[in-house]
Amino acid sequence: MTSTGMQIFGFVLALLGIMGAMVATVLPNWKVSADVGSNIITAISQMQGLWMDCTWYSTGMFSCTLKYSVLSLPAYLQTARTTMVLCCVLAAMGLCLASLGLKCTRWGGGRRSKQHAAIASGSCFVAAGFLCLVPASWFTNEVITNFLDSSVPESNKFEPGGAVYVAFVSAGFLLMGGCIFCMSCSGKRHGPQDLVLLPPPDKLLLQQQQQQLLQQQQELQHQYCSLSPLDNKTGYSLQDYV
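Residues numbered from 1 in each chain as written. Predicted model: local features only at pLDDT ≥ 70, side-chain atom pairs only at ≥ 80, totals over all residues. Heavy atoms only, no water.

## Observations concerning the overall build of the protein chain
Note the following rule: Only runs of H or I of at least four residues qualify as helices and only runs of E of at least two qualify as strands under DSSP, and these elements are numbered from the N terminus. Partly exposed residues are those whose accessible area sits between 20% and 50% of the maximum for their type, while under 20% is buried and over 50% is exposed, using a 1.4 Å probe and protein chains only. Throughout, a contact is declared for two residues whenever any of their heavy atoms are within 4.5 Å. Values of accessible area rely on a 1.4 Å probe in the Shrake-Rupley scheme; residue burial ignores everything except the protein chains shown.
Within the protein chain, the secondary structure is distributed over six helices and five strands. Secondary structure elements of the protein chain, listed N to C terminal, follow the sequence α-β-β-β-β-α-α-β-α-α-α. For the protein chain, the residues scored as buried account for 31% of the 242 residues in total. Residue pairs in contact within the protein chain that sit at least 24 positions apart in sequence constitute 67% of those at least 6 positions apart. When the accessible surface of the protein chain is split by element, carbon and sulfur atoms take 65% of a total near 15600 Å².

## Here we look at the environment of G177
Mapping G177 onto the fold places it in helix α4 (residues 162-184). When its relative accessible area of 0% is taken as the criterion, G177 is described as buried. Note: C-alpha distance between G177 and I8 (169 residues apart in sequence) is 9.4 Å. Sequence-distant contacts of G177, that is, excluding residues within four places in its chain, are made with G10, L13 and F125.

## Observations regarding the nonpolar core
This is how the line gets drawn: Side-chain atoms within 4.5 Å are what join buried Ala, Val, Leu, Ile, Met, Phe, Trp, Tyr and Cys residues into a set we call a nonpolar core.
Judged by nonpolar contacts, the single largest core of 30 residues is most densely connected at W30, L50, M84, F125 and F139. Mapped by element, the contributors of at least two residues to this core are α1 (2-26), α2 (75-101), α3 (111-148) and α4. Per-element accounting of this core gives the leading share, nine residues, to α2. The residues contacting F125, other than those within four sequence positions of it, are A14, A91, G94, L95, A98, L174, L175, G177, G178 and F181.

Remember, this is a structural readout, not a statement about activity or role.
In structure tokens form, the structure reads like this:
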């Protein structure tokens, strides 16, 4: 029961992780403009994401521009795109395997098949967590490096946005869910083998009947041997009447 509850808890963590990873992938605020120095009056804030750049203007207008060209993007941005998409795909695959490996479900085969499915889903969650952690760390490093660079104008300095923090939290959820799934089946691999070594019910019943027959024979022999010599005589003797 404990491992079943832990599996459900790991499944919930992995579900939250994949939802956060998908949200972080599409959010446009991976980095936002920093409020330092003199800002442009016509624009309130600028945001840049993996797929688009957005700008809030002082008039209340909001405009976004998609990044169509992939080759013109920097290396860290291309890597972030690829790894986040792979993270979502692996996490979705892990959820499908986890639904088969849960002990509280009836589908997925026997106990051994469920253990293999649970371990495979945990591996997918762990790999997805690392794939989500790498772009978030690299993106944060690039933003901080550019912010501390004195040669970059103050109007072009950015700081990490909310999508980066969502990616970090999602990576943590995926890693914890994967570890829980891998550890929930680590100490119960010999259970089915012990059950197979037990004799079948028919053989047990036959052994019990044989033991009962032996006990009855021993009791009869004991009763026969305990009789007196007079009781064992089967014929008449003249000495009994003389």
